[in-house]
Each structure stands twice: as C-alpha cells, then as structure tokens.
Amino acid sequence: MSSQPTSSIRSPYSYSHQHQLSRSAYPTFLSLQETIKLQLTWASRGILEAFRWDVVVKTATSDREIRSNILKSLLLNSLSLTSIYAFDLLLQPLVHNHPNWLHRNVGWFYRVLWLFPVVGVSYYLNSSWCNLIAKRSFVLQHGNHAAHQQPVTYHGMLTTLATSAYRVVMILTSVIVSLVLRSIPFAGSSISFAFMCWVNAYYCFEFIWVARNSSLAQRVRHLEERWAYYFAFGFPSAVICTCGSGLANAALFALMFPAFIIMAMHAQPVPRDPYNPAPSTESTNTLRFPSPLVPIRMPVFTIVIWLNDLIVRVLSVGGSGARHQRTTSDTTEQAEEGTGVKLRNICRTARGPSPAVQARSLGDRIPSKGKAPISGRRKKD
C-alpha cells in the first residue's frame, strides 16, 4: 500500500489561521446609531462650554489686566454699535427720498467720515486688546512658562505684520464664502449659518492654538476632525451675528468676542481621538472607527484656504519657480508666518546689492568659449 507524502495532503481547513489573522486586521466600525449618539454628545459639550459665563465673570473679576481690557473693548464696540444704529434708525429715515441732493447723500458722508473710521479703529484696537486678554488668560491657566516671549527684532516685526495681514485676508475670504453660500437656492441660508458657526469657533480658539505653536494646517485639521463640537461652540456667537445687518453683525461679534476667548481657554474640545472616539474597555484594545456613513473630517475651510492661497500667489513677488512647487498648505502657512510674501525692496536692502552689481564691482567677466572667468581688476593697456 503506497503512502502519499504528508505535505501533499491539504486539509480543507488549513486556511483558518490565516483567515483569522486577516479578519483581525480588518477595521472595526461603530454602528451608525452609536456614531450619531457620539456626535450629539460632543455637540452638547460644545454648547455647554460656549455658555460658561461663570468662567468669564470669575476670570474678569480675579485679574485686573483682563478686566481693564474687557471694559475698554466694551466701551469701544458700544460706540461702534451706537454709531451704526444712529444712522440706521435716525438719519436714514430722515433723509430717505429727500429732494435735496445734500440730504440724500448725507448717509454717504456719514459712513466715510465717521462710521468707517470708527469701525476700522475699533477692529485694530479690539484685536490688540483681545490678544492681551488671550495671553493673560493663557498665563493664568498654564503658568508663566507657557507664554514664551520672542525677542522683538526687525524680522519679528515683519512677521507680525504679515501674520496680521494674513488674518485680515482670511476674515475677508470667510465673509465672501459666507455670502456666496447664502446665495444658494433653498438651503443657502442654513449652509451659510453653519459655516459661520465654524468660522466663529475657529477665531475663538485661534489664540490658544497659536500659543501652543500649532501651524495653520494643524489648526484647520483639528477643527475639521471635531466638527460637531466646534459647530456647537460657535452656534451662540453665530446667532448673535444674525441679530443685526452688515456692520452691526461684526460689531456685535466684536462686543462678545473677549468673553468667548476666555471660554475657549477653559474649554476641552472632544473627542480626543476622532479615529477612535470610543476606546474599547477590553484587554485587546480594539481600534473602533466611527461609522463610514458619518464623516470623520468635515472639509469646512477648503474653499477659504484655496482663496487664501490664490491671493498669496497673486501678491507674492519673486521666486516664481520655487513657488509653483509648493502645495496649498505650504503657501498659506508661509504667508501667515511672514515668509511667503516677499517685499522686493525690503529683501533687496537686507540682502545687499544684486549679484550683477557685485560681479561688476569685482570686475568678473562672463566666460566665453569655455574660458574661465577672470577675477580682479582689469589691467591697464
């Protein structure tokens, strides 16, 4: 009786071990109901932390510097609101459809000579005061070692100017995107409102992200991966911004902005890990992803970052060959850090004379017919 080799006999269940390994490597997902429940939990957490007025009162009453800056911001933004509503409620009805040309255009003179300068000064001063409030709140919460002051240099001043300019550009592009979204039929108003919730939440948390040295890409990713929490946190401020119209909405947001900054300093955004929001309590530590039907990351700022990158590319001067090789996030981050947009005159002054002038001063000759350049002064004939 001939015996066959054992190696040639294959059991129909020989693949079971490999099959188990492949199955264990396959990702585990939460159910749709569990994922929605988690998102609602995070949203409720954001709403609660956006109404922590007890934290605002406690912080303002316990620190003199914060209290002083909040009072100055309240007074200045109250002046802006008074100026805006004085025109809308008093002047506009009086001069509407008036036969005299001067009376018809008094609103234009009022805006140019008073309202726009007041709003512009308010924006500048309010930004400075909010920076001081954020820095002081961060120090009170995390200690003096957390607020590292960089030495004031010429390059640091240019970087600060570039960062402020980029911040203004990002605010303008966000407003433009909001207006465009509002023009969408039927659902435009709701989409625009949701977008403004995320934009307001971003600017409330921007100070703490900058203090932690987070790049622009890290900030945007952090918000987009916790979109339910930040939507809920920005919901109250977005509702406040819908109470008025035009400049009044901006003044209302600026009036409440210092309070939301303090709330953001004490907030704890959730989840800690968006890709494993419900860690398993078992000893196996199984990674459980959210349901594929609910997005982990919501691309909220995609259009805004694209517009910012477009504006930066238009305003950039010099280095076009290297600039075309950069990605969108690289260009916007370098612009925010003050290295993406170069001023030709400043850079030329800092670097010294151009290579052509240096070559002319040294008497270098352009090589021709394979001969090496001759350096030094030309000999007299």
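Computed from a prediction, not measured in an experiment: that's the story for all the values here.

What counts, and where the lines are drawn
Residues numbered from 1 in each chain as written. Predicted model: local features only at pLDDT ≥ 70, side-chain atom pairs only at ≥ 80, totals over all residues. Heavy atoms only, no water. Phe/Tyr/Trp six-rings, centres within 6.5 Å; stacked < 30°, edge-to-face > 60°. Helix = DSSP H or I, 4+ residues; strand = E, 2+ residues; numbered from the N terminus. Buried < 20%, exposed > 50% of the residue type's maximum accessible area, 1.4 Å probe, protein only. Axes fitted to C-alpha atoms, helices over the stretch in contact; angles between N-to-C directions. Parallel < 35°, antiparallel > 145°, perpendicular 65-115°, else oblique. Left-handed = near helix turned anticlockwise from the far one by under 90°. Contact = heavy atoms within 4.5 Å. Nonpolar A, V, L, I, M, F, W, Y, C, P; charged D, E, K, R; others polar. Core = buried A, V, L, I, M, F, W, Y, C linked by side-chain atoms within 4.5 Å.

Enquirer: Any chance you could explain the packing of aromatic side chains here in plain terms?
Expert: Per the counting criterion, the structure on display carries 18 aromatic pairs. Between phenylalanine 193 and phenylalanine 235, the ring centres sit 5.4 Å apart and the planes meet at 85°, which makes this aromatic pair edge-to-face. Here phenylalanine 235 lies in helix 10 (residues 227-241) and phenylalanine 193 lies in helix 8 (residues 188-211), a separation of 42 residues in the sequence. Overall, the relative accessible area of 23% leaves phenylalanine 193 in the partly exposed class. Note on tyrosine 229 and phenylalanine 233: the rings are 6.3 Å apart at their centroids and 25° apart in plane angle, and the pair reads as stacked. With tyrosine 229 and phenylalanine 233 both in helix 10, this residue pair falls 4 residues apart, about one helical turn. Grouped by ring-pair contacts, the aromatic residues Phe195, Tyr202, Tyr203, Phe205, Trp209, Tyr229, Tyr230, Phe233 and Phe301 constitute a single cluster.

Enquirer: How should I be thinking about the packing of helix 8 against helix 11 (residues 247-265) in this particular structure?
Expert: One way to put it is that helix 8 packs onto helix 11 with a least axis distance of 9 Å and a crossing angle of 55°. In this view, helix 8 runs oblique relative to helix 11, as classed from their interaxial angle. You can see that helix 8 and helix 11 cross each other, and the crossing is right-handed. Of helix 11, the residues touching helix 8 (which contributes Asn200, Tyr203, Cys204, Phe205, Phe207 and Ile208) are Phe253, Phe257, Phe260, Ile261, Ala264 and Met265. Taken together, the residues of the contact of helix 8 with helix 11 sort by class into 11 nonpolar, 1 polar and no charged.

Enquirer: Explanation requested: the packing of helix 8 against helix 10 in the structure shown.
Expert: Packed helix pairs are specified by the crossing angle of their axes together with the interaxial distance, meaning the distance between the axes. One way to put it is that helix 8 packs onto helix 10 with a least axis distance of 6 Å and a crossing angle of 105°. Taken together, the axis directions place helix 8 and helix 10 in an arrangement best described as roughly perpendicular. Two secondary-structure elements touch here, helix 8 through Phe193, Ala194, Met196, Cys197, Trp198, Asn200, Ala201, Cys204, Phe205 and Trp209 and helix 10 through Trp227, Tyr229, Tyr230, Phe231, Phe233, Gly234, Phe235, Ser237, Ala238, Val239 and Cys241. The class makeup of the residues in the contact of helix 8 with helix 10 is 18 nonpolar, 3 polar and no charged.

Enquirer: Mind showing me how you'd approach the nonpolar core here?
Expert: The nonpolar side chains of a soluble globular protein tend to be buried with one another. One finds Met170, Phe205, Phe233 and Phe301 to be the most contacted residues of the largest nonpolar core, which totals 57 residues. Tallying contributions element by element places helix 8 first for this core, with 12 residues. For methionine 170, the residues in contact, after removing those within four places along its chain, are Tyr202, Tyr203, Leu216, Phe301, Val304, Ile305 and Asn308. Counting 9 residues, the second largest nonpolar core, distinct from the first, contains Leu81, Ile84, Leu252 and Leu255.

Enquirer: Got a minute to help me understand unusual backbone geometry in this structure?
Expert: Most of the time, phi is negative for any residue but glycine, and the peptide bond is trans. With omega at 5°, the peptide bond leading from valine 270 into proline 271 counts as cis. Along the polypeptide, proline 271 turns up in the loop between helix 11 and strand 2 (288-289). Of note, phenylalanine 186 is a non-glycine position whose phi angle comes to about 65°, a positive value. Residue placement: phenylalanine 186 occurs in the loop between helix 7 (154-182) and helix 8. On the basis of relative accessibility, which here comes to 88%, the residue phenylalanine 186 falls in the exposed class. You will see that asparagine 213, though not glycine, has its phi angle at about 60°, which is positive. Checked against the element boundaries, asparagine 213 lands in the loop between helix 8 and helix 9 (216-224). Classification of asparagine 213 as exposed rests on a relative accessible area of 70%.

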